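The lines below spell out each chain.
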Amino acid sequence: TLAFAFLEGEPQIAAVLVGVLAVYALVMATYLWRSGGRRAALSTALDHGLGLLAAAALVAPIYLPGIQLGLASSRNAGPLISGLPLYDLSHLLFSDYNGLPTSLATIIGPDNLYVSMLYVGTITLVLAVTALALWRQRREVVALTLAAIVLLALLFASPLLSIFRHIPLLDVFRLQLATTALDLCLAVLAGFGAQALLAKRGQRLVESWYRVGVALTACCLLVLGVLLVFNVSHLPPPESSLRTGSFLWPTISLGACGI
């Protein structure tokens, strides 16, 4: 899987995946070490390390000359590293809030491709939070959550990026591509959340707090919806229509899930 990801076409994605793998393996090994399973902790770290080395060996015939070519190409002299504004967190809920990235005629702003890749939808976010609430004792859930937090910090913490701009090679790193790894972490967490609900784990928590949770979620979505719907006064009619239409699919999916 790592080898195929490395061959995907963007070398920055390979670097991001290695970082995510390192965070995941570190958390898994730490949990095992603290529980007294030192041999299991070392075995876990060794397994992930061997997997990474095997992937590197498989892609070496392409990566070794590719790195040499990349360092001498315009990719090494691109624009300075930049993250995303906090405003773009709205794209987790709305895939086309700034228009669809598949057509330049339907984009609000200069470039909407990377921020649109943030979209996972309301149901995925709810299930990801459910995984953390019901299965936070599982080290896999903690590891994925920590990896997602690190990626969110890298993408949206602009002061951190000012440090990277003084580091060779990192100063032109296309950090927006980390949205792919962030979506992966959220999607797998959502799978754990669905599994936790199906297994009826934490049933007392669900029964005791689901009314409060539903009410708070509804209030938050209502406030967010009002803010986003009325944030169109500065847009011309075509772009205003695009932004309003972005609410259609989240509404349908939530309605279907409710039914």
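First things first, this report covers the structure right here in the doc.

Conventions used here
Residues numbered from 1 in each chain as written. Predicted model: local features only at pLDDT ≥ 70, side-chain atom pairs only at ≥ 80, totals over all residues. Heavy atoms only, no water. Helix = DSSP H or I, 4+ residues; strand = E, 2+ residues; numbered from the N terminus. Contact = heavy atoms within 4.5 Å. Expected span 1.5 Å × (residues − 1). Buried < 20%, exposed > 50% of the residue type's maximum accessible area, 1.4 Å probe, protein only. Phe/Tyr/Trp six-rings, centres within 6.5 Å; stacked < 30°, edge-to-face > 60°. Core = buried A, V, L, I, M, F, W, Y, C linked by side-chain atoms within 4.5 Å.

On to the overall build of the chain. In terms of regular secondary structure, the chain is built from eleven helices and zero strands. Counting from the amino terminus, the chain carries its helices and strands in the arrangement α-α-α-α-α-α-α-α-α-α-α. Restricting to contacts in the chain with at least 6 residues of sequence separation, those with at least 24 account for 76%.

Three or four residues apart is the spacing at which side chains of an α-helix point the same way, because the helix has 3.6 residues per turn. Between the first and last C-alpha of helix 8 (residues 178-198) there are 31 Å, a value that for 21 residues agrees with the 30 Å anticipated at 1.5 Å per step. Turning to helix 8, its buried residues are Ala178, Thr179, Ala181, Leu182, Asp183, Cys185, Leu186, Leu189, Ala190, Phe192, Gly193 and Ala196. Trailing helix 8 by a residue or two, Lys200 shows a phi angle of about 60°, which is positive.

Taken as a whole, this structure holds four aromatic pairs when the rule is applied. With 6.0 Å between their ring centres and 40° between their planes, Phe94 and Tyr97 make a pair best called tilted. When its relative accessible area of 6% is taken as the criterion, Phe94 is described as buried. Considering the side-chain rings of Trp135 and Phe192, the 6.3 Å spacing of their centres and the 70° angle between planes classify their relative orientation as edge-to-face. Here Trp135 is found in the loop between helix 5 (122-134) and helix 6 (139-156), whereas its partner Phe192 is found in helix 8, with 57 residues between them in sequence. Here Trp135 and Phe192 have matching classes, each one buried.

A separate point is the nonpolar core. Of all hydrophobic cores here, the largest spans 31 residues; its most connected members are Val16, Val20, Leu151, Leu155, Leu175, Leu182 and Cys185. For this core, the elements supplying multiple residues, two or more each, are helix 2 (11-34), helix 5, helix 6, helix 7 (158-164) and helix 8. In terms of residues, this core owes the most to one element, helix 8, which gives eight residues. Leaving out residues up to four positions away in the same chain, Leu175 has contacts with Ile81, Ser82, Leu154, Leu155 and Leu161.

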